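Here are the chains, one letter per residue:
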Amino acid sequence: MGTQLYNIGITGLNAAQAALVTTGHNISNASTAGYTRQQVILGTNDPQLTGGGYLGQGARVETVRRIYSQFLTAQVMEARTQSAEYTAFGDQIGALDNLLADAQAGMSPAMSDFFNAIQSVTASPSSLAARQSVISAAQAMTARFNSLDLRMDQVRDQLNGEISGAVGEINQLVTQIARYNDQISVAQSVTGTNRLANDMLDARERLISELNDIVRVTQLQQSDGSINLFIGNGQPVVVGGSAFTLTASPSVEDASRSEVTYTAPGGTVLRLQEDTLSGGKLGGLLSFRRNTLDAAQNALGRVALGMAEQFNAQHQLGQDLNGALGTQFFNTMIGSALPASTNSTVAGAQINVTISASSDLTTSDYRLRFDGSNYTLTRLSDNTSWTAATLGGLPPAGSPQGFTLDSGATTMAAGDSFLIQPTRNGASDIRTVLSDPRMLAVAMPVSTSAALANTGSGRISAGTVTSTTGLPLGGAITLTYDATTNSFNVVGGPGGTLAYDPTTDSAGKTFTFAGQGGFTFELSGTPRNGDTFTIQANASGQGDNRNLLAMAALQGSKTLASGTTGFQGAYAQMVADIGSQAREVKVNQAAQTVLLNRVTESQQSLSGVNLDEEAANLLRYQQAYQAAGKMIELASRLFDTVLQLGG
């Protein structure tokens with residue numbers, strides 16, 4: 001009897017001691033990140049059969065269990081990876097938004113100053129000081145374009161560094177997780193599935209959580225206790241005790257852009273599509289670059305290209321103080337075509353991207369491929385594709401994109417591809433090439449006049465020039481009205497007659513001499529027979545500001561995005577889009593933080609350590625320990641009594 005009580009007391013003592021140790025372990029790790037509360041699970045020992053029935057043999061420790069919910073943990077994981085993505089995206093887009101929308105550092109004030117300087121010349125077209133202010137304002141504007149683009153390039157380089165750093169962290173974590181998989185598998189093979197290595201499980205889960213903060217991972221539990229992890233489109237990064245590494249390397253299409261590659265089992269290197277690497281810090285960085293930075297830099301370049309092309313075109317239609325036709329105000333720019341690093345080095349093809357119409361430019365990049373027979377051009381923003389047998393057929397005339405392609409004397413080989421970036425370098429390449437204020441083409445090269453002897457009320461407008469080819473710079477064109485035929489007889493220039501009926505056309509009728517430089521003018525009023533009007537070279541453009549007004553009008557003209565917006569409107573739209581994205585990310589980040597807090601509270605209410613509860617457990621298990629000790633003491637006394645009786 002005494003021996004049986006003694007054994008039962010020992011089992012109770014061991015059970016209480018295990019519970020006390022586990023409770024103390026919980027209390028010690030109350031502040032340990034990723035720790036899961038543990039609980040001792042007790043069971044009864046097999047009873048002993050006696051003549052009076054089965055007598056109990058005390059208790060035993062079945063296992064020490066983690067109080068864990070895979071469902072709640074999965075919710076926390078998802079909330080954390082989404083929150084980390086919003087945080088990374090928000091940090092990047094917030095800085096870009098502040099830069100572009102800044103009242104001093106943005107493009108809007110620089111463009112406004114440029115057009116204000118142009119307006120200031122209208123009062124005194126021959127003032128060299130006023131003309132110089134236009135050139136100075138243009139230089140300041142192009143310098144602002146350059147500096148903003150340089151800042152975006154710096155952001156891009158910084159992103160490359162952060163992407164490389166994130167990939168390095170991923171590789172370290174998957175290696176450690178694979179090592180824990182091995183250790184847990186070995187431990188479980190020894191102790192069985194009911195006696196798990198709880199602290200190792202917590203440590204592995206903490207590492208998985210850290211990995212999930214960098215990139216979203218999916219998990220697959222294995223029967224041996226290990227966990228397989230996958231990213232992207234299902235690429236495994238941890239399989240049992242094996243880890244597969246990622247690499248941040250220059251893109252095949254654009255060497256200035258880091259992309260993530262994956263070394264698959266067997267050593268095959270695969271490029272991971274950016275949009276499949278979602279969640280976490282890495283997902284946020286890639287999403288910002290893909291959805292915001294690329295589009296913003298392209299949009300800024302489009303504004304610069306549009307400004308240069310359209311201002312140059314109008315400036316070249318004018319006349320300067322020297323009486324010469326206008327020259328280029330800004331430099332001529334072209335798009336870029338980046339060959340893939342996998343292209344045939346034998347063919348060595350080059351693609352020339354010529355800006356043909358800045359009004360049709362988009363903010364998208366394009367991919368050009370050649371299969372040996374046909375060329376395919378794909379607009380990457382919406383994956384719209386066009387195919388043609390010749391490079392000159394892309395983009396097709398029915399879908400103008402604002403640029404044309406040619407390969408010069410080179411030929412693409414089958415399988416070659418190019419990344420076409422029509423606008424990416426626009427803001428970095430723009431320069432002000434006009435430096436002499438006298439060469440600012442303020443005047444129009446053609447003037448009109450009415451003869452002093454005219455007796456009717458007919459009038460001729462000053463006219464506008466759309467091309468300088470064939471302008472009447474040497475001789476004059478005379479228009480003489482013939483009342484009998486209701487027409488003007490044209491002498492010089494194209495010759496012929498111009499039908500004009502005062503009864504129907506007196507409000508104004510427009511004519512264009514297409515062969516004379518595209519000169520357009522308007523006749524109005526009621527001329528009398530013999531009235532004469534003259535179109536001739538502008539002998540003195542000292543006080544003429546017609547071309548200046550046409551250049552100033554570009555500020556409010558909708559000449560970009562297929563005629564839907566202007567220079568400042570396009571820039572404002574870009575800033576508004578980025579600001580809208582920044583606000584959206586901020587709102588989503590705040591909402592995700594609330595969600596993360598709630599699911600974390602739910603998870604911690606189950607798995608976290610409650611110190612009040614553990615304190616109560618200490619008292620309970622202490623009393624159990626003391627009671628078991630009393631039982632052992634009682635068994636000892638009974639044994640002594642038996643010994644005394646035998647003596």
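Coordinates for the structure precede this section.
Because the structure is predicted, anything quoted here is derived from the model rather than measured.

1. Looking at the overall build of the protein
Each helix and strand counted, the protein has 11 helices and 27 strands in total. In summary, the protein has a C-alpha radius of gyration of 41 Å against a globular reference of 26 Å for 647 residues, an excess of more than 25%. With the C-alpha coordinates aligned to their principal axes, the bounding extent of the protein is approximately 160 × 55 × 45 Å. Each of the 647 residues in the protein was classed as buried or not, and the buried ones make up 45%. Sequence separation of 24 or more characterises 69% of the internal contacts of the protein that already satisfy a separation of 6 or more. Put simply, the protein shows about 29500 Å² of open surface, and 52% of that area lies on carbon and sulfur atoms. Charge centroids of the protein, computed over 37 positive and 50 negative side chains, lie 4 Å from each other.

2. Topic: the sheet that holds strand S6 (residues 227-231)
Pairing within the open sheet is antiparallel, and its four strands lie in the order S5-S6-S7-S8. Two strands bound the open sheet, and with one partner strand each, they are strand S5 (218-221) and strand S8 (242-243). Sheet topology places strand S7 (residues 235-239) next to S8; two bridges connect them, and they run antiparallel. Its bridge partner being in S8, valine 239 is matched across the sheet by serine 242. Against the sheet, helix H4 (residues 128-191) makes contact with S6, S7 and S8, and its axis sits at roughly 50° relative to S7, the strand it touches most. Here helix H5 (residues 198-214) sits on the sheet in contact with S5 and S6, set at roughly 5° to S6.

3. Considerations on the nonpolar core
Among the nonpolar cores identified, the biggest contains 105 residues, and Phe114, Phe145, Leu282, Phe330, Ile351, Leu368 and Ile420 are the most heavily contacted of them. Among the elements that make up this core, the one with the highest residue count is H4 (18 residues). Not counting the four nearest positions on each side in its chain, isoleucine 420 is found in contact with Ser336, Ala337, Ile351, Val353, Asp365, Tyr366, Leu368, Leu377, Phe403 and Leu405. Ile460, Phe519, Leu523 and Ile535 belong to the second-largest nonpolar core, a separate cluster that totals 20 residues.

Criteria and cut-off values
Residues numbered from 1 in each chain as written. Predicted model: local features only at pLDDT ≥ 70, side-chain atom pairs only at ≥ 80, totals over all residues. Heavy atoms only, no water. Helix = DSSP H or I, 4+ residues; strand = E, 2+ residues; numbered from the N terminus. Rg over C-alpha atoms; globule rule 2.2 N^0.38 Å. Buried < 20%, exposed > 50% of the residue type's maximum accessible area, 1.4 Å probe, protein only. Contact = heavy atoms within 4.5 Å. Areas by Shrake-Rupley, 256 points an atom, 1.4 Å probe, with all protein chains shown as cover. Lys, Arg positive; Asp, Glu negative; His and termini not counted. Charge placed at Lys NZ, Arg CZ, Asp CG, Glu CD. Pairing = 2+ DSSP bridges. Axes fitted to C-alpha atoms, helices over the stretch in contact; angles between N-to-C directions. Core = buried A, V, L, I, M, F, W, Y, C linked by side-chain atoms within 4.5 Å.

Everything listed is a geometric property; what it means functionally is a separate question.
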